[in-house]
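Residues per chain are reported as follows:
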Amino acid sequence: MRITANTNIDIEQHFKVIAGPGAGKTRFLVNHVKNVLSNSCRLSRNRKIACITYTNVGVDTLIRRVEDEKDHLEISTIHSFLFTHVVKPYLFLIKEKFNLDPAKIENPFEHIFSKGYYSQTDLPRRYVSENDMKRVYWEISGNECNLRIKNKNNIYHKSLIKYKMFFWEKGIMHYDDILAFAWEIINKDSNVLRVLRAKFPYFFIDEFQDTSPIQTQIVKEIAAKETIIGVIGDTAQSIYSFQGASMQQFIDFTLPSLSIYQIEDNWRSTNQILKVLKSIRTDLEQESPENKNGNTPKILVGNSIQALEYCDNLLGKDNVVTLSYMVPTANAMRKRIDIDNPANILVEEHFSADSNSKRKRLIISSIKAIEFARQQLFSDAIKELSYYFRKQDDFKGQKISLTFLKASLNKYSIITNMTLWDYYQSLSLKPFISISKIREGKNGNMTAIESFYKKTTYKDIALSIRLLKDESIHRTIHKAKGDEFDNVLVVVKGRFGRQYVETRDLAFLLTPDLIANEDHRVNYVACSRARENLLINVPELSNNSKQILADKFEIIDMPSP
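Residues numbered from 1 in each chain as written. Predicted model: local features only at pLDDT ≥ 70, side-chain atom pairs only at ≥ 80, totals over all residues. Heavy atoms only, no water.

Quick word on the overall build of the protein
Now for step 1: The secondary structure content of the protein amounts to 26 helices and 16 strands.
Now for step 2: Its C-alpha atoms give the protein a radius of gyration of 25 Å, within 12% of the compact-globule value 24 Å for 561 residues.
Now for step 3: C-alpha extents for the protein along the principal axes are approximately 75 × 65 × 45 Å.
Now for step 4: Taking all 561 residues of the protein together, the buried fraction comes to 55%.
Now for step 5: Taking as baseline every contact in the protein between residues at least 6 positions apart, the subset at least 24 positions apart corresponds to 74%.
Now for step 6: As displayed, the protein has an accessible area near 24900 Å², and 47% of this comes from carbon and sulfur atoms.
Now for step 7: Side-chain charges of the protein comprise 78 positive and 67 negative groups, with the mean position of each set lying 6 Å from the other. (Helix = DSSP H or I, 4+ residues; strand = E, 2+ residues; numbered from the N terminus. Rg over C-alpha atoms; globule rule 2.2 N^0.38 Å. Buried < 20%, exposed > 50% of the residue type's maximum accessible area, 1.4 Å probe, protein only. Contact = heavy atoms within 4.5 Å. Areas by Shrake-Rupley, 256 points an atom, 1.4 Å probe, with all protein chains shown as cover. Lys, Arg positive; Asp, Glu negative; His and termini not counted. Charge placed at Lys NZ, Arg CZ, Asp CG, Glu CD.)

Some points on the packing of helix α3 (residues 78-90) against helix α8 (residues 190-199)
Now for step 1: At a minimum axis separation of 12 Å, α3 and α8 run at an interaxial angle of 140°. Crossing of α3 against α8: the hand is right-handed. Judged by residue contacts, Phe 81, His 85, Val 86 and Tyr 90 of α3 engage Val 192, Val 195, Leu 196 and Lys 199 from α8.
Now for step 2: Of the residues in the contact of α3 with α8, the class split is 6 nonpolar, 1 polar and 1 charged. (Axes fitted to C-alpha atoms, helices over the stretch in contact; angles between N-to-C directions. Left-handed = near helix turned anticlockwise from the far one by under 90°. Nonpolar A, V, L, I, M, F, W, Y, C, P; charged D, E, K, R; others polar.)

Notes on the pattern of salt bridges
Now for step 1: What the rule picks out here adds up to 37 salt bridges.
Now for step 2: Here Asp 177 and Lys 164 are joined by a salt bridge, their closest N and O atoms 2.8 Å apart. With Asp 177 in helix α7 (residues 175-188) and Lys 164 in helix α6 (residues 157-169), this residue pair connects regions lying 13 residues apart in the sequence.
Now for step 3: Relative accessible area serves as the criterion here: at 5%, Lys 164 is assigned to the buried category.
Now for step 4: Put simply, Arg 268, Glu 484, Asp 486 and Arg 531 are held in one network by salt bridges that share partners. (Salt bridge = Lys/Arg side-chain N within 4 Å of Asp/Glu carboxyl O.)

Here's the deal with the UniProt feature "binding site: ATP" (unreviewed entry) in the protein
Now for step 1: Cross-referencing UniProt, the feature "binding site: ATP" (unreviewed entry) maps to Ala 19, Gly 20, Pro 21, Gly 22, Ala 23, Gly 24, Lys 25 and Thr 26 in the present numbering.
Now for step 2: Within the secondary structure, Ala 23 sits in the loop between β1 (15-19) and α1 (25-39).
Now for step 3: Judged by relative accessible area, Ala 23 falls into the buried class, the value being 0%.
Now for step 4: Non-local contacts of Ala 23, meaning those with residues more than four positions away in its chain, are made with Ala 5, Ile 263, Asp 265, Asn 266, Trp 267 and Gln 286.
Now for step 5: Within the secondary structure layout, Thr 26 lies in helix α1.
Now for step 6: In this view, Thr 26 contacts Thr 61, Leu 62, Arg 65 and Asp 206; residues no more than four positions away in its chain are not counted. (UniProt positions renumbered as here; feature names shortened; annotations may be inferred.)

As structure tokens, then:
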């Protein structure tokens, strides 16, 4: 059934809403929440509506729009919700199975690969590479969750569990563990589900196309009794397969008496931008209800920093948001550094030459914390550091972390130009930091680790730092999901260290295939963030492609640098 963002639907019916970018998904959800609050007799001080989304941007947007109603809502990401309401309070139910100490688990962390822990398992002997360890995921198998490696058929669960247990013994739980532990807990004790349903008689999930099989199963368990489930999504915006998400989860999702609705409007973009979006996507004919007209989208051919400066002159400095596929590109745009072929190297991978995991983790966390603080993410920065100083002050390490960050920000212009060796030396001089000494070579012959630290700069590492929450004007496309901006510059480059190839990297405009190609969906999401002006930067553009794109874009060649 076709609806609009302002349509009221039955509040006591499971529903699925299919809606493209700019359709007013958030407006629909906010209106539906208000409808439930006004008409439901199943809410009280302790019985709330759960509103779940998959990005921090989505959480913040919902909080802003519900105004004074947020006291009756629980708005969070799926990981935060499950950690708070399932994993943290009920971890004791599975502590023996996974050798966990609930008292040690404070907060979840991103996975930082540990070569030391890895080498203490049989994984190297079983031909599981360090690169394979980036593709580890949890999968439901029968009555329990097992660890698997994407694109490998062999069973590695016991070996991977041993690797994970080294972290758990230290009180380090990873974000992906939350989903598996939550599933294990609710299947261990049915009372956990009973409490969840009692606390949340309504459970609404935005961006459901980004869900994983484990998350889907958890939602279906909650929906089995009492709780009304509502999911909202768009298959063309499914861009998190690297986290286990699958558009098929949204396509196949069903519940008894599920009502299905579709919203076809686009309230966000101008007709000129919609023309581009419709050329990329043929399964949805979005129209502007307000018939908004604007400027012709532009393709800026040449250097990305020159393209940004062109936007500054055209639209005003800092009035355009740059969106990049790769983390290093986004960070380079923020620092106004042009990089040609960014490699998607995790910051931890840079440190493979350092076998001392404690020293490596401390240096990585300190750099992350400084870069987080540079973007005003002080909570994330303190959280990243306080673990290392938790026994050194009366505030679980937070006071020392704040002191360190203040001093580092004051000297940032010096720090950012240091080699890692100089940075390491500066850390070792601080009285509250205990850091192992790096072995130096003799007679002018550097050791491998010494060479790495002396030839790598702080700036090299900073370009690989992933912000947990990014509200800056230079973001990755994934961090912009759920947001919208007046002016957008999509930066298209070669990825994963590869040279830019037009037929591959610009295929989302030339030969789009949103069903089969996630890269095309990612760039579609980027283009669809723009309200007024859409600009796309490419390093080069062939004459043939210029002719193909001329009916939708104004094509401008940047002057040679």
